Amino acid sequence: MHVSSGRWVYGMFLALLTAFLWGILPIKLKQVLQVMDPITVTWFRLTVSGGCLFIYLATTKRLPSRKLLGPKGGWLVLMAVLGLVGNYVLYLMGLNLLSPGTAQLVVQMGPIMLLIASLFVFKERFSIGQGIGLAVLLIGFTLFFNQRLAELLTSLSDYTAGVLLVLLASTVWTFYALGQKQLLTVWNSLQVMMVIYLFCALLLTPWVHPLEALELSPLQGWLLLACCMNTLIAYGAFAEALAHWEASRVSATLAITPLVTFGAVAIAAWTWPDYVHAEQINGLGYGGAVLVVLGSALVALGPSLIAGLKARRAKLLVG
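Residues numbered from 1 in each chain as written. Predicted model: local features only at pLDDT ≥ 70, side-chain atom pairs only at ≥ 80, totals over all residues. Heavy atoms only, no water.

(A) Region of the structure containing the overall build of the protein chain. Helix and strand content of the protein chain: 13 helices and zero strands. For the protein chain, the succession of helices and strands along the chain, N to C, is α-α-α-α-α-α-α-α-α-α-α-α-α. Relative to a compact globule of 319 residues, whose C-alpha radius of gyration would be 20 Å, the protein chain shows 20 Å and is just as compact. The burial tally for the protein chain puts 46% of its 319 residues in the buried class. Surface accessibility of the protein chain: about 16400 Å² in total, with carbon and sulfur atoms responsible for 72%. (Helix = DSSP H or I, 4+ residues; strand = E, 2+ residues; numbered from the N terminus. Rg over C-alpha atoms; globule rule 2.2 N^0.38 Å. Buried < 20%, exposed > 50% of the residue type's maximum accessible area, 1.4 Å probe, protein only. Areas by Shrake-Rupley, 256 points an atom, 1.4 Å probe, with all protein chains shown as cover.)

Here's what the structure looks like:
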């Protein structure tokens, strides 16, 4: 089992950096999607990120070995590739129909679906603390959508379609996460990322329109490059955070990502009102967003919180 280095301050900084980068990503993507289609944007992000990783691993002579995969490795790569392609493209299609904050909040269902899938695939246990966190998260979603709950449940508007697309993106992301988790037993995280990114880009190639990049304004061009580098740097910071801090605490920290998005949208809408529009959410909706974040954090920290309570009780009984 992996043991963290104990440099928790550094690990927390990297986790916060990841949350910040993921939090501002939808705002940048929203601007680029005004000109480019979701498949082409995804192809650029994956090609640039995968290419950078290939150059780095080739230079350091650490390219992944096909022999280590074994007979079932190819199926794991295929599952991860299809899961990530589906996640990226479906998320951008949903983002086209939603505000950045709403899309980022709905994405919080991804780790929850992974948790549920892990109960069956890896026979992991579901603690009471995680159950409480899941209940808080569902209440939070109900409050967040209070203004448009009837619309979501009774009609297939653009808003409903956007929410469903992002939910579907979170669902297929589960297949990527399960495949990656198994691949990490034979390759390190950078090798896994390189293989998946490049295969994803290759899979999308027949449907891309790279010349759309020439239609971008200078600002949108820089934002596209920032989206590409965000994919690389944010995931690298996330992987490094796991090396220095417990996974549950990293996951709990990343739960604040939607709040980062809401804050960034508010600042951007005030600073650049011609480009970014403020979120149309009432106070109850913002309270629901906070509950979603709290629920996500409880789901991540549930096992360790319950274990800590049991340890304290044991000490009191011994004392």
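And the narrative resumes.
(B) Representation of helix α6 (residues 128-144) in the model. A rise of 1.5 Å per residue sets the reference length of α6, with its 17 residues, at 24 Å; its end C-alpha atoms lie 24 Å apart and thus fit the reference within 8%. Every buried residue belonging to α6 is among Gly 129, Gln 130, Gly 133, Val 136, Leu 137, Gly 140, Phe 141 and Phe 144, and all of these are buried. Seen from one end, α6 has its buried residues packed into an arc of 140°, which puts them on one side. (Expected span 1.5 Å × (residues − 1). Arc of directions from axis to C-beta.)

(C) Region of interest: a nonpolar patch on the surface. Taken together, the side chains of Phe 54, Ile 55, Leu 63 and Leu 198 define a hydrophobic patch exposed on the protein surface, amounting to about 340 Å² of accessible area. Inspection of the secondary structure puts Leu 63 in the loop between α2 (38-59) and α3 (73-95). (Patch = residues over 30% accessible without salt bridge, like charges linked within 9 Å, V, L, I, M, F, W, Y side chains within 5 Å. Salt bridge = Lys/Arg side-chain N within 4 Å of Asp/Glu carboxyl O.)

(D) Inspection of the packing of aromatic side chains at higher detail. Counted under the stated rule, the structure contains nine aromatic pairs. Centre to centre, the rings of Trp 43 and Phe 44 are 5.2 Å apart; their planes meet at 80°, and the pair counts as edge-to-face. The same class applies to Trp 43 as to Phe 44, namely buried. Between Phe 144 and Phe 145, the ring centres sit 5.0 Å apart and the planes meet at 80°, which makes this aromatic pair edge-to-face. Ring pairs connect the aromatic residues Phe 141, Phe 144, Phe 145, Tyr 159, Phe 262 and Tyr 286, which therefore count as one cluster. (Phe/Tyr/Trp six-rings, centres within 6.5 Å; stacked < 30°, edge-to-face > 60°.)

Function-wise, these values are silent; they only describe arrangement.
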